[in-house]
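As a plain string of letters, each chain reads:
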Amino acid sequence: MYPFTINLLDNLTIDIGTIGTICPTEPFDVPLTFTPAGIGGGTLEFYYNDTNMYSTAFAGNGSYTVPQNFVPSSSGSVAGNLTVKWVNPNGCTTTIVAHQQVTVLPLNTVELFN
């Protein structure tokens, strides 16, 4: 038999940084930190309340601008769950997931009466 060397990766993680309130229909920035350093490849998928909003190639630590099309149907702000999935990092068949609560502001309209 031939000896085989198997190198296991450390646990991969995603940390979602602070996200301010989100304006309806406007893109917003999602600061992400990935560990361990030096892992690359894969795709990032962004979900709002389990609905896929955006996918992009992994580009390392930094801020990702995500388009946003959700508009609250009420006149108040709406809290929701932002999920980030890192699919197939480093060419491995796996998905790493992180969640964070976010707030989407209402779409305000102004009516002027004469």
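Preceding block: the structure.
Note that this is a predicted model, so its numbers are computed, not measured.

1. Let's talk about the overall build of the protein
A tally of regular secondary structure across the protein gives 0 helices and 7 strands. Secondary structure elements in the protein, listed N-terminal to C-terminal, are β-β-β-β-β-β-β. In terms of overall dimensions, the protein is more spread out than a globule: its C-alpha atoms have a radius of gyration of 18 Å, far above the 13 Å expected for 114 residues. Taken over the C-alpha atoms alone, the protein extends approximately 90 × 20 × 20 Å along its principal axes.

2. Some points on the sheet that holds strand β2 (residues 28-35)
Taking strand neighbours across the sheet as the criterion, the 3 strands line up as β1-β2-β5 in an open arrangement whose pairing is antiparallel. Single-partner strands in this sheet number two, and they are β1 (13-16) and β5 (62-66). Sheet twist, expressed as the mean angle between neighbouring strand axes with direction ignored, is 35 degrees. Strand direction decides the pairing type here: β1 and β2, joined by 4 bridges, are antiparallel. Bridging across to β2, Ile14 finds its partner in Phe34.

3. Here's the deal with the pairing of strand β4 (residues 51-57)
Both strand β3 (residues 43-48) and β4 contribute to a ladder of 6 bridges, which runs antiparallel. Counterpart to Tyr48 in the pairing with β4 is Thr51. Following β3, the chain reverses through 2 residues before pairing antiparallel with β4; Asn49 in that reversal takes a positive phi of roughly 50 degrees.

4. Description of the sheet that holds strand β6 (residues 78-87)
Judged by pairing direction, the sheet is antiparallel, and its 4 strands sit side by side in the order β4-β3-β6-β7 without closing on themselves. For this open sheet the edge positions go to β4 and β7 (95-104), each flanked by a neighbour on one side alone. Going from strand to strand, the sheet's axes swing by 20 degrees on average, the running direction of each strand aside.

Conventions adopted
- Residues numbered from 1 in each chain as written.
- Predicted model: local features only at pLDDT ≥ 70, side-chain atom pairs only at ≥ 80, totals over all residues.
- Heavy atoms only, no water.
- Helix = DSSP H or I, 4+ residues; strand = E, 2+ residues; numbered from the N terminus.
- Rg over C-alpha atoms; globule rule 2.2 N^0.38 Å.
- Pairing = 2+ DSSP bridges.
- Axes fitted to C-alpha atoms, helices over the stretch in contact; angles between N-to-C directions.

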